[in-house]
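Per-entry structural report
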Amino acid sequence: MLSVKGLRANVGDKEILRGLDLEVGPGEVHAIMGPNGSGKSTFAHVLSGREGYEVTSGSATFEGKDLLVLEPEERAQLGLFLAFQYPVELSGVNNTYFLKAALNSIRKARGEEELDAVSFLRLIKDKLKILHLDDSLLKRAVNAGFSGGEKKRNEIFQMALLEPKLAILDETDSGLDIDALRVVADGVNALRSPERSMIVVTHYQRLLDYIQPDYVHVLAKGQIIRSGGKELALELEEKGYGWIEAEGRAA
Amino acid sequence: MTAGLPTGFEGWVAEAARASGGRGLEWLDAQRRSALEQASAQGLPTNKDEQWRYTSLKGLQEQAFALSAEPLTALQPDDIEEALVAGLDSHRVVLVNGRFSPELSPLEDLPEGVRIAGLAQLLESDPDVLRGELNGVAGDELPLFAALNTAGLDDGVVVIVDDRRIVERPIELIHLSVGLDEPRVAQPRNLVILNAGAQATLIERYLSLGDSLYCTNCVTEVSLGRDALLAHERIQDESPNAFHITGFYLRQDTASSYRGINIGLGARWARTDLCVSFSGEHAECDLQGLYLAGDGQLMDYHLDVDHSLPNCRSQENFKGILYGKGRAVFDGLVFVAEDAQKTDAAMSNRNLMLSESAEVDTKPQLEINADDVKCSHGTTVGRIEPEMLFYLRSRGISAPIARRMLCLGFAGEIIDKLGAEPLRDYVTEQVGRRLESAPLS
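Residues numbered from 1 in each chain as written. Chains lettered and ligands numbered in written order. Predicted model: local features only at pLDDT ≥ 70, side-chain atom pairs only at ≥ 80, totals over all residues. Heavy atoms only, no water.

**Considering the overall build of chain A**
- When you go through chain A residue by residue, the secondary structure sums to nine helices and twelve strands.
- For a compact globule of 251 residues, the expected C-alpha radius of gyration is about 18 Å, and chain A comes in at 18 Å, within 12% of that figure.
- Taken over the C-alpha atoms alone, chain A extends approximately 60 × 40 × 35 Å along its principal axes.
- Within chain A, the fraction of its 251 residues that count as buried is 53%.
- Considering only contacts within chain A whose residues lie at least 6 apart along the sequence, 68% involve residues at least 24 apart.
- Of the charged side chains in chain A, 31 are positive and 38 negative; the average position of the first set lies 2 Å away from that of the second. (Helix = DSSP H or I, 4+ residues; strand = E, 2+ residues; numbered from the N terminus. Rg over C-alpha atoms; globule rule 2.2 N^0.38 Å. Buried < 20%, exposed > 50% of the residue type's maximum accessible area, 1.4 Å probe, protein only. Contact = heavy atoms within 4.5 Å. Lys, Arg positive; Asp, Glu negative; His and termini not counted. Charge placed at Lys NZ, Arg CZ, Asp CG, Glu CD.)

In structure tokens form, the structure reads like this:
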């Protein structure tokens, strides 16, 4: 589904990604862990098409299509979704209006019919039920004045609505207390399916207590230096990143 | 009689004297003569004049407009269908080229204690009602365009609401311009009086059938009695080739409340002067504004809020969206007199620039002579945040639609304050339509 080969990317003059390889198959959940500054968020941003990054070599294909030449909206329309570490506040833009515009843009790009107001509201209600959310977020402006937990819940809600094929969760656990974390993780788990892949980017192991990954990758200095099963996360928790980085240097 | 007027403006009043010659009202003639003298004495302002520093009158002067003095009676109700806002339930008053049109103004079901009439009509039938009221708020010292309006004063709309009357439905003044063979200027004069405790909503819309070249030079005077409450929504959506000038004069008595929303969308050149004064304490004035300026458009706003008495509150909040080679001017002055203690005033002007070549000159000013006041002012000129744009695009929304959503979000703060939903929808659509075709460079 997603195939990343030898990806190198700069921010300004600084090289952040230094030859990153990753293969994600349908339905798989991959965790990418790593210390601060290892390039985790850069990787998520480069995949989603954010400005300010220069890809110098390597490739990233999604279902055989070259992702890197596409606009951010085209990537989303193909089924890519980024849950932001810091969801952006859009004052004045109503959340329901925003969700409808997003869903209909994606449906239209896929050659599906746009949803009318009634079908849309019905769909929204269903999704809220699945995620055990109430509708209080819908009437407000997108993320404006939302608490940290509300913002992250809104991200997961968008994901539920847009039904991506590949969701990238960028440090979704940051800034959440344990209750909020559980709500968000439950939401993510409810959206797991054999057709939907996920990349969970995180610094800490604790999110992975709730979202069990199929694979864990350790990112350091812009490269994946170790891959394994979920037990790798536990090992990291125990020994810290220093252990693996030291090992990486020795090898 | 027009000798001495700035070149190009002779025609603005030339026919007025002839058209209204028969009124036989000495006080009115004296007012007109005095205004004409003032207009002649002032000459044409230049950019050395602080009030006209950023705005050139050259384009307007070159047109040599003539006054459209004769009423245009050929329009049928069907003809103005396109000028109406779908679903807006109002007491509708229509002026065509500055002249009140009784045929198009269905005013049969006015509630008791509310009087709405054409100004010319009232000058004929009941002139005493107007004596002392015309120019009662604007005063005797008039700037050029208000003086020209007064010198040519003859028609417009008069609204008078008696003590403690509450007008439920909005009163809607539609100032319609219809293209004529030669460029015309219309100089409607509106007078709105809410007596003590009265409440009303007034919607003023300026628009045209077609995209002809003309000029509107309107003056609206509003007088609010003690405890009166007026919601006033002005939507300037003139033809893209038109010139528009507003002189708005508001006087508020004790504990009255004024909530004004000024939306500027149309005209190639628009100048709006909003002047507020207080004749009693504890009055509240809220001036909100939204303007769009695109290629070849100028939107020029001057606010003059005079806190001469203590304990009054005013808020001025104007937002602009500029694109293409659009230009805007915001020049706001809040003046607080020495004994106007406990004045509470906040002025803000925020601008969203969608292109490199758009320009805004913004100058909010406070002049405070009292020592126990709460006053603030602020101004911003910014662009669409790339973060916001990326967030929307990452959800599958194309860049142009995302930009429009963000602009409408910016504008929504003002649009959402309009009282009637059909009007909010209408303005949102008008704004959206302009942004859709807005060049971004």
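**Some remarks on helix 1 (residues 40-48) of chain A**
- Counting buried residues along helix 1 of chain A, nine of its nine residues qualify, which places the element largely inside the surrounding structure.
- After helix 1 of chain A finishes, the residue Gly49 of chain A shows a positive phi value of roughly 90°.

**Here's the deal with the UniProt feature "domain: SUF system FeS cluster assembly SufBD core" (unreviewed entry) in chain B**
- In the UniProt entry, the feature "domain: SUF system FeS cluster assembly SufBD core" (unreviewed entry) is given for residues 184-410 of chain B.
- What you have in residues 184-410 of chain B is 9% helix and 60% strand, and the ends, taken at the C-alpha atoms, are 36 Å apart. (UniProt positions renumbered as here; feature names shortened; annotations may be inferred.)

**Observations regarding the interface of chain B and chain A**
- Facing 15 residues of chain B, the contacting portion of chain A comprises 31 residues.
- Between chain B and chain A lies a buried interface of about 1900 Å² when both sides are counted; carbon and sulfur atoms form 63% of it.
- Looking at the side of chain B facing chain A, the largest losses of area belong to Phe390, Tyr391 and Arg395 of chain B, adding up to 39% of the total buried there.
- Between the two partners, chain B and chain A, sit four salt bridges.
- For the salt bridge of Arg50 of chain A with Glu387 of chain B, the shortest nitrogen-to-oxygen distance reads 2.4 Å.
- Remark: the boundary between chain B and chain A carries eleven residue pairs in polar contact (both at pLDDT 80 or more).
- At the level of elements, helix 6 (386-393) and helix 7 (399-415) of chain B are the ones that each hand at least two residues to the side of chain B that touches chain A.
- Looking at the side of chain B that touches chain A element by element, the count peaks at six residues for helix 6 of chain B. (Buried area = accessible area lost by both parts, 1.4 Å probe. Salt bridge = Lys/Arg side-chain N within 4 Å of Asp/Glu carboxyl O. Polar contact = N/O pair within 3.5 Å; in protein donor to acceptor, adjacent residues only side chain to side chain.)

**Remarks on empty space enclosed by the protein**
Residues and elements named next belong to chain B.
- Considering all chains together, one arrives at seven cavities of 30 Å³ or more under this definition.
- Every residue lining the second largest cavity is listed: Leu95, Asn97, Gly98, His175, Leu176, Ser177, Ala186, Pro188, Tyr206, Thr216 and Glu238.
- Here the lining of the second largest cavity gets three residues from one element, more than from any other, and that element is strand 6 (residues 171-178).
- Among the residues forming the lining of the second largest cavity, the class breakdown is five nonpolar, five polar and one charged. (1 Å grid on protein atoms, 1.4 Å probe; cavity = no way out; pocket = protein on both sides within 12 Å on 5 of 7 lines; lining within 4 Å. Points joined across faces, edges and corners; volume = space filled by probe spheres on them. Nonpolar A, V, L, I, M, F, W, Y, C, P; charged D, E, K, R; others polar.)

**Description of the packing of aromatic side chains**
Residue and element names in this part refer to chain B.
- Across all of its chains, the model carries 14 aromatic pairs over all chains by this definition.
- Consider the rings of Trp12 and Phe145, whose centres lie 5.8 Å apart with planes at 50°: the pair is tilted. Here the residue Trp12 occupies a position in helix 1 (residues 11-19), and Phe145 occupies one in helix 5 (residues 144-151), the gap between them amounting to 133 residues. Neither residue differs from the other here; Trp12 and Phe145 are each classed as buried.
- Measuring from centroid to centroid gives 5.9 Å for Phe243 and Trp269, while their planes differ by 50°, and the two rings are tilted. Of the two residues, Phe243 sits in strand 12 (residues 243-252) while Trp269 sits in strand 14 (residues 269-278), which places them 26 residues apart along the sequence.
- Taking relative accessible area as the criterion, Trp269 reaches 8% and is therefore assigned buried.
- Of the aromatic side chains, those joined through ring pairs into one cluster are Phe9, Trp12, Trp52, Phe65, Phe145, Phe243 and Trp269.
- Above the plane of the ring of Phe410 lies Lys319, whose end atom (NZ or CZ) is 4.2 Å from the centre.
- Positioned above the aromatic ring of Tyr391 is the side chain of Arg395, whose terminal nitrogen or guanidinium carbon lies 4.9 Å from the ring centre. (Phe/Tyr/Trp six-rings, centres within 6.5 Å; stacked < 30°, edge-to-face > 60°. Lys NZ or Arg CZ within 6 Å of the ring centre and 35° of its normal.)

**Things to note about the UniProt feature "domain: ABC transporter" (unreviewed entry) in chain A**
- Residues given the UniProt feature "domain: ABC transporter" (unreviewed entry) here are residues 2-246 of chain A.
- Annotation note: span residues 2-246 of chain A, helix share 38%, strand share 29%, distance between end C-alpha atoms 29 Å.

**Focus on the pattern of salt bridges**
- A complete count under the given rule lists 41 salt bridges over all chains for this structure.
- Measuring nitrogen to oxygen at the nearest pair gives 2.9 Å for the salt bridge that ties Glu15 of chain A to Arg8 of chain A.
- Relative accessible area serves as the criterion here: at 26%, Glu15 of chain A is assigned to the partly exposed category.
- For the salt bridge of Glu62 of chain B with Lys58 of chain B, the shortest nitrogen-to-oxygen distance reads 3.2 Å. Taken together, the residues Glu62 of chain B and Lys58 of chain B, both in helix 3 (residues 58-63) and four residues apart, mark about one turn of the helix.
- Judged by its relative accessible area of 54%, Lys58 of chain B falls in the exposed class.
- Salt bridges linked by common partners bring Asp29, Arg32, Arg99, Asp154 and Asp155 of chain B together as one network.

**Considering the packing of helix 6 of chain B against helix 7 of chain B**
All names here are of chain B.
- Direction vectors running N to C along helix 6 and helix 7 enclose 125°, while the axes themselves pass 9 Å from each other. With respect to helix 7, the element helix 6 is oriented oblique. The two elements helix 6 and helix 7 meet at a crossing, and its hand is right-handed. Residues Met388, Leu389, Leu392 and Arg393 of helix 6 form the contact with helix 7, whose own contacting residues are Ala399, Ala402, Arg403, Met405 and Leu406.
- Grouping the amino acids of the contact of helix 6 with helix 7 by side-chain chemistry returns seven nonpolar, no polar and two charged. (Axes fitted to C-alpha atoms, helices over the stretch in contact; angles between N-to-C directions. Parallel < 35°, antiparallel > 145°, perpendicular 65-115°, else oblique. Left-handed = near helix turned anticlockwise from the far one by under 90°.)

**Describing a negative patch on the surface**
- There is a patch of like negative charges on the surface, built from Asp78, Asp79, Glu81 and Glu82 of chain B.
- Note that Glu82 of chain B resides in the loop between strand 1 (66-67) and strand 2 (91-96). (Patch = residues over 30% accessible without salt bridge, like charges linked within 9 Å, V, L, I, M, F, W, Y side chains within 5 Å. Areas by Shrake-Rupley, 256 points an atom, 1.4 Å probe, with all protein chains shown as cover.)

**Brief notes about the sheet that holds strand 19 (residues 344-353) of chain B**
Residues and elements named next belong to chain B.
- As summarised here, the arrangement of the ten strands in space is 3-2-6-9-11-13-15-17-19-21, forming an open sheet in which the pairing is mixed. For this open sheet the edge positions go to strand 3 (99-100) and strand 21 (374-382), each flanked by a neighbour on one side alone.
- Across eight bridges, strand 13 (residues 257-264) lies against strand 15 (residues 284-293) in parallel orientation. Considered in strand 15, the bridge of Ser257 is made with Glu284.
- Here helix 7 sits on the sheet in contact with strand 13, strand 15, strand 17 (313-322) and strand 19, set at roughly 155° to strand 17.
- Contacts from helix 8 (residues 421-436) reach strand 9 (199-209), strand 11 (229-237), strand 13, strand 15 and strand 17 within the one sheet, and its direction differs from that of strand 11 by about 30°. (Pairing = 2+ DSSP bridges.)

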